[in-house]
Structure formats: C-alpha cells, structure tokens
Amino acid sequence: MATYAYHCAGCGPFEVRRPIGTAEPAEPCAACGEPAPRRYTPPLLARTPAPEARARQAQEASAHEPQVVRRAPAAPEPPPPDPRWAGLPRP
Ligand SMILES: [Zn+2]
C-alpha cells in the first residue's frame, strides 16, 4: 500500500491509501465529493516537521561548519550577595 496526496480546491490537502501503481490522477474529495487533482510530493521528505528539520540542519551544520568566534563569550554576572551573609559569624 502507498499513500497518495491530493488537494481539493475548497477543502485542502488529503491522502488516499491504495496499492502501488493504482493512483488515479484525481480522487473525489472525502469532505465535499468534488474531484481533487493529485499532488506529487517527495516520499517521506515532506512529512518531517519543520522544527525537527531545522534542528537536524543545525546539527549537521555545526558538525561540518562550526561557527567561528573571535573572542570568548562574556562571563555571566555573579549573583547578588545574600543579605543573610551579614549575620554569619566572622573569623
Ligand atoms: Zn473538498
């Protein structure tokens, strides 16, 4: 079985599962029944969620093209002193 993508002009994209090689050039829309033309998509590439695709691209880029820095990043600000420290015994 394969999943074929179609796009209804009024209702949007939908998918139909059929045996391989039996896809029709148009399928009736499941919602309105109007004929919807088939959309050709790259197999298993269009289903990767956009955030996951960006994360994968960033990971690959950092492995092969690490960002060059000219100086060390600034040290973080130290936390403010706790006022209760004034009450501690002094040596
Ligand atoms: Zn429709």
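Where an unreviewed UniProt entry is consulted, the chain appears under the name Putative regulatory protein FmdB zinc ribbon domain-containing protein, with the organism given as Nonomuraea monospora.

J.: Is there a simple way to explain the coordination of the zinc ion in this structure?
T.: In ideal tetrahedral geometry, four donors around a metal make angles of 109.5 degrees, whereas ideal octahedral geometry with six donors gives angles of 90 or 180 degrees. Around the zinc ion, the donor atoms from the protein are Cys8 (SG), Cys11 (SG), Cys29 (SG) and Cys32 (SG), and they sit 2.3 to 2.4 Å away. The site at the zinc ion holds four donor atoms, and with the angles between them running 107 to 114°, its shape is tetrahedral. One chain supplies every donor for the zinc ion, spaced along it as C-x2-C-x17-C-x2-C. The exposure class assigned to cysteine 32 is partly exposed, which follows from its relative accessible area of 40%.

J.: When you look at the UniProt feature "domain: Putative regulatory protein FmdB zinc ribbon" (unreviewed entry) in the chain in this model, what are you seeing that I'm missing?
T.: With numbering aligned to this structure, UniProt lists the feature "domain: Putative regulatory protein FmdB zinc ribbon" (unreviewed entry) at residues 1-41. End C-alpha atoms of residues 1-41 are separated by 16 Å, and the span's content is 0% helix alongside 54% strand.

J.: Please explain the sheet that holds strand 1 (residues 2-8) as it appears in this structure.
T.: Strand pairing in a sheet is mediated by backbone hydrogen bonds. Such pairs are either parallel or antiparallel. An order of 2-1-4-3 is seen for the four strands of this open sheet, with the pairing classed as antiparallel. Two strands in the sheet have a free side with no partner beyond their single neighbour: strand 2 (12-18) and strand 3 (26-28). Here the average twist between neighbouring strands, direction ignored, is 40°.

Criteria and thresholds
Residues numbered from 1 in each chain as written. Predicted model: local features only at pLDDT ≥ 70, side-chain atom pairs only at ≥ 80, totals over all residues. Heavy atoms only, no water. Donors = N, O, S within 2.8 Å, 3.2 Å for Na, K, Ca; no water. Tetrahedral: all angles 85-135°; square planar, octahedral: opposite > 155°, others 65-115°. Buried < 20%, exposed > 50% of the residue type's maximum accessible area, 1.4 Å probe, protein only. UniProt positions renumbered as here; feature names shortened; annotations may be inferred. Helix = DSSP H or I, 4+ residues; strand = E, 2+ residues; numbered from the N terminus. Pairing = 2+ DSSP bridges. Axes fitted to C-alpha atoms, helices over the stretch in contact; angles between N-to-C directions.

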